[in-house]
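Residue-level listing of the chains:
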Amino acid sequence: MTTTAHPRRTVLITGATRGIGRALAEQLAADGDIVLLSSRDGAAVAAAADEIAGNVRPAGPDPVQIHPIQLDATDPVSVCDAAARIGRDHGHLDVLVNNVGGMFDGPSRASTVQLDTVRATFELNLFSAWRVTQAMLPLLRRGHEARIVNVSSETGSLTRMTAEQPAYGMSKAALNALTRSLAGELAAEGITVHAASPGFTATEAVAEGGRPVPDGAASIKAVIDLPAGSGTGGFFQDGAALPW
Ligand SMILES: NC(=O)c1ccc[n+]([C@@H]2O[C@H](COP(=O)([O-])OP(=O)(O)OC[C@H]3O[C@@H](n4cnc5c(N)ncnc54)[C@H](OP(=O)(O)O)[C@@H]3O)[C@@H](O)[C@H]2O)c1
């Protein structure tokens, strides 16, 4: 997988006050992109945007541009309001990163897991990305070489699936299926759609272990930076294709 230099892009990241989303925001802002940083908590997202703007040194001549957006990906009204605000203030989007996600089923097994837990996991990991994508598509259609990157997981690979974390793994497999379906639909419009795994990463969502957060974020950024015309509907980690 090769990446390329690119013009300044307007990028919306969901779930970016901490963890992989925040580290990705820092990397894109340093690269010169206009970053729309979002999460449920308006105060937290404003504070995170201020901190990033104060800390990041731009690699090029453009000043850092990072804008806080209050957006609860599970709430249709919040998502529509955010799309309207982005349309008014920025006019378009070049990149949507559906990063919001989480795991609630810990050591459960498919034979016994509470189905309410499964539903909540699908709501956050699948339907949030689907909802945000539908709301942002009119803005992406006005973008340049627009792309959608769904933050998935190795555990969503059907080929590699085990008995571990069934709700999480199946929700990410469904997110991968959404990726393929959208990629097929939107190819004719020149909008690319990929799934990207950060690998096991030491965020607050992880009890122990994992690699440095900037490394997980870089795995997502590599997919955002794929050159135009290099295909759509892929599933990547650290620049290499993962099996579906
Ligand atoms: N960490 C790993 O090892 C790992 C491995 C594979 C895949 N992933 C995937 O990578 C993504 C990021 O994971 P992470 O470990 O960085 O998570 P994290 O540290 O828990 O961060 C989650 C972010 O999402 C925001 N958020 C949560 N619910 C939201 C909602 N309904 N609407 C909007 N924002 C919301 C949180 O902020 P607020 O609480 O302020 O809203 C926070 O900024 C997830 O999709 C995860 O499944 C992670």
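Our subject is the structure that appears above.
How each quantity is defined
- Residues numbered from 1 in each chain as written.
- Predicted model: local features only at pLDDT ≥ 70, side-chain atom pairs only at ≥ 80, totals over all residues.
- Near = placed C-beta within 6 Å.
- Helix = DSSP H or I, 4+ residues; strand = E, 2+ residues; numbered from the N terminus.
- Axes fitted to C-alpha atoms, helices over the stretch in contact; angles between N-to-C directions.
- Parallel < 35°, antiparallel > 145°, perpendicular 65-115°, else oblique.
- Left-handed = near helix turned anticlockwise from the far one by under 90°.
- Contact = placed C-beta atoms within 7 Å.
- Nonpolar A, V, L, I, M, F, W, Y, C, P; charged D, E, K, R; others polar.
- Pairing = 2+ DSSP bridges.
- Expected span 1.5 Å × (residues − 1).
- Buried ≥ 20, exposed ≤ 12 C-beta atoms within 10 Å, placed from the backbone.
- Arc of directions from axis to C-beta.
- Right-handed = clockwise from strand over helix to strand, strands pointing away.

Colleague: Looking at this model, I keep getting lost on the site of the ligand. Mind explaining?
Modeller: The immediate surroundings of the ligand are formed by 31 residues, with Gly15, Gly19, Arg40, Gly101 and Thr203 found nearest. Ranked by residue count, the leading element in the shell around the ligand is helix H1 (residues 19-30), at three residues.

Colleague: For this particular structure, what's the right way to read the packing of H1 against helix H6 (residues 213-224)?
Modeller: Two measures define how a pair of helices packs: the angle their axes make with one another and the distance between the axes. Interaxial distance between H1 and H6 falls to 8 Å at its minimum, and their mutual angle equals 70°. If you check the angle between H1 and H6, you find them roughly perpendicular. At the point where H1 passes H6, the crossing takes the right-handed sense. Residues Gly19, Ile20, Ala23, Leu24, Gln27 and Leu28 of H1 lie in contact with H6, whose contacting residues are Val213, Pro214, Gly216, Ala217, Ala218, Ile220 and Lys221. Classifying every residue of the contact of H1 with H6 by side-chain character gives nine nonpolar, three polar and one charged.

Colleague: Looking at this model, I keep getting lost on the sheet that holds strand E8 (residues 240-241). Mind explaining?
Modeller: To summarise the sheet geometry, strands pair through backbone hydrogen bonds and adopt either a parallel or an antiparallel arrangement. What the eight strands build is an open sheet, ordered E3-E2-E1-E4-E5-E6-E7-E8; its pairing is mixed. Every other strand in the sheet has two partners, leaving strand E3 (65-70) and E8 as the edge strands with one partner each. Relative to strand E6 (residues 192-197), strand E5 (residues 147-151) runs parallel, the two sharing five bridges. Within E6, the residue paired with Arg147 across the bridge is Thr192. The strands touched by helix H2 (residues 42-55) within the sheet are strand E2 (34-39) and E3, with E3 carrying the most contacts at an inclination of about 175°. Set on the sheet, helix H5 (residues 166-186) makes contact with E5, E6 and strand E7 (235-237); between it and E6 the angle comes to about 160°.

Colleague: How should I be thinking about helix H3 (residues 76-90) in this particular structure?
Modeller: Each turn of an α-helix holds 3.6 residues, which means side chains three or four residues apart point in the same direction. Over its 15 residues, H3 runs 21 Å from end to end, which matches the ideal 21 Å to within 8%, given 1.5 Å per residue. If you check which residues of H3 are buried, you get Val79, Ala82, Ala83 and Ile86. Down the axis, H3 shows its buried residues gathered within 100° of arc, on one side only. Facing away from the buried side of H3 by more than 90 degrees, the exposed set consists of Val77, Ala84, Arg88 and Asp89. Where H3 is buried, its residues touch strand E1 (10-13), E2, E3 and helix H4 (115-141). Within two residues after H3, Gly91 carries a phi angle of roughly 85°, on the positive side.

Colleague: Sorry if this is basic, but what is going on with the pairing of E6 here?
Modeller: Here is the key point about a regular strand: its side chains alternate between the two faces of the sheet. Most of E6 is tucked away, with six of its six residues classed as buried. Here E6 shows two buried faces, one formed by Thr192, His194 and Ala196 and the other by Val193, Ala195 and Ser197. Where the polypeptide runs from E5 across H5 and back to E6, its parallel neighbour, the crossover connection is right-handed. The pairing of E6 with E7 spans three bridges and is parallel. Residue Ser197 lies in a different strand from E7, and its bridge partner there is Gln237.

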